[in-house]
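Residues per chain are reported as follows:
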Amino acid sequence: RDDKEEEKIIDRFVYLCQYHGKYILASDEDNLYIIDQHAAQERCMYEDIQKQIENKEIKTQLLLVPLLIESTISTVNRIDEINEKLSCINLNFEQFSSTTLLLREVPYFFENIDEIDFLNHLIEEVLSDKRMSVLEIRKEKIASLACHSSVRFNHYLSVEESKKLLTRLSNCKQPFNCPHGRPTMISISDKLLFKEFKRG
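Calculation rules
- Residues numbered from 1 in each chain as written.
- Predicted model: local features only at pLDDT ≥ 70, side-chain atom pairs only at ≥ 80, totals over all residues.
- Heavy atoms only, no water.
- Helix = DSSP H or I, 4+ residues; strand = E, 2+ residues; numbered from the N terminus.
- Buried < 20%, exposed > 50% of the residue type's maximum accessible area, 1.4 Å probe, protein only.
- Contact = heavy atoms within 4.5 Å.
- Areas by Shrake-Rupley, 256 points an atom, 1.4 Å probe, with all protein chains shown as cover.
- Core = buried A, V, L, I, M, F, W, Y, C linked by side-chain atoms within 4.5 Å.
- Pairing = 2+ DSSP bridges.
- Axes fitted to C-alpha atoms, helices over the stretch in contact; angles between N-to-C directions.
- Phe/Tyr/Trp six-rings, centres within 6.5 Å; stacked < 30°, edge-to-face > 60°.
- Expected span 1.5 Å × (residues − 1).
- Arc of directions from axis to C-beta.

Draft legend 1. Layout of the overall build of the protein. Counting its regular elements, the protein contains seven helices and seven strands. Scanning the protein from its N terminus toward the C terminus, one meets helices and strands in the order β-β-β-α-β-α-α-β-β-α-α-α-β-α. C-alpha atoms of the protein, sized along the principal axes, occupy 75 × 45 × 35 Å. Per-residue burial for the protein yields a buried fraction of 40% across its 200 residues. Across the protein, every contact between residues at least 6 apart in sequence was considered, and the portion connecting residues at least 24 apart equals 69%. Accessible surface for the protein amounts to roughly 12600 Å². Of this, 50% is attributable to carbon and sulfur atoms.

Draft legend 2. Fine view of the nonpolar core. Leu91, Phe93 and Phe110 are the most contacted members of the largest nonpolar core, which has 33 residues in total. When residues of this core are traced back to their parent elements, those giving at least two are helix H1 (37-54), strand S4 (60-70), helix H3 (79-86), strand S6 (100-107), helix H4 (115-128) and helix H5 (134-149). Looking at which element gives the most residues to this core, the answer is H4, with six residues. The contacts of Leu91, once residues within four sequence positions are left out, are Asn83, Leu86, Leu103, Glu105, Val106, Pro107, Phe110, Leu119 and Leu122.

Draft legend 3. Spatial organisation of the environment of Ile24. Summarising the element assignment, Ile24 is placed in strand S2 (residues 23-27). Note: C-alpha distance between Ile24 and Lys163 (139 residues apart in sequence) is 9.3 Å.

Draft legend 4. The sheet that holds strand S7 (residues 185-189), seen in detail. Taken in spatial order, the four strands of this open sheet run S1-S2-S3-S7, and their pairing is antiparallel. Of all strands in the sheet, those bounded by a partner on one side alone are strand S1 (14-19) and S7. Shown here is a sheet whose adjacent strand axes are inclined to one another by a mean of 20°, direction ignored. As defined by bridge partners, strand S3 (residues 31-36) adjoins S7 across five bridges and the pair is classed as antiparallel. Across the sheet, Asn31 pairs through a bridge with Ser189, a residue of S7. The sheet contacts of H1 involve S1, S2 and S3, and relative to S3 the element is tilted by about 80°.

Draft legend 5. Quick peek at the packing of aromatic side chains. Per the counting criterion, the structure on display carries three aromatic pairs. Where Phe110 meets Phe118, the ring centres are 5.8 Å apart and the plane angle is 85°; that geometry is what we call edge-to-face. On the basis of relative accessible area, Phe110 is assigned to the buried category, the value being 0%. Aromatic ring contacts, followed pair by pair, group Phe109, Phe110 and Phe118 into a single cluster.

Draft legend 6. Spatial organisation of helix H6 (residues 159-170). Taking 1.5 Å of rise per residue, the 12 residues of H6 would be expected to cover 16 Å, and the 16 Å separating its terminal C-alpha atoms lies within 8% of that figure. Turning to H6, its buried residues are Ser162, Leu165, Leu166, Leu169 and Ser170. The buried residues of H6 occupy an angular sector of 140° when projected down its axis, which confines them to one face. In H6, the exposed residues that point more than 90 degrees away from the buried face are Glu160 and Lys164.

Next up, the structure:
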C-alpha cells in the first residue's frame, strides 16, 4: 500500500453555463460565482506543475523532431549550468553546434506553448542570475509557463471541459487568484441578491 494519503476530490462548484467564451457561471449553496476561465486555468496549471516538481513526477515525451534552439557561443558553453538548473523539470540540452542547443524530450505540459520562445526566455533567466535556485524557477518561471499553457480568454469550453476545470479549481490550495495575483472569480452571495431584488 502506498504510504501517501489518497487525496479527496472536492467538487465545490455546480456548473451553470459559460458566458461569452470568457467566464464560467457556477454556484454553491450560498453564492453565485463568475469565474475567469483563463485565470482559473493558470492557477490549476501552476499548482499541478509545482506538485509534479515537488514529487519529482515530471513526465516527459520524446520528440519526433528534436527542438533546435539557436543561441550564442557563450550560452552553449554554459550548457552544464543550464542543465543543472533545469533538471527539476527534466530538461536536458545537448550541444548541436557552437551556437545551437538541441532538446530531444520535453515535459508533457509543454504541449500547448510556444516551446522555442519559452525555452529561450527560460535559459536567459537562468543564466542572468547565478543565484537563481530551483525554488525561484518554481515560483517565477512556472507561473509564466502556466500562463502560456492555459486556455485562451475567448475560447468556448464544452460543458465537460468546464466541469473538469471547476473540479480542478476546487482542489487548488489557493483557488481565488491566478499565479500573477489576478482574481480567478468574483462571488455574489444569496443575501446580496435578495437585497438587490428587494426580497429581504
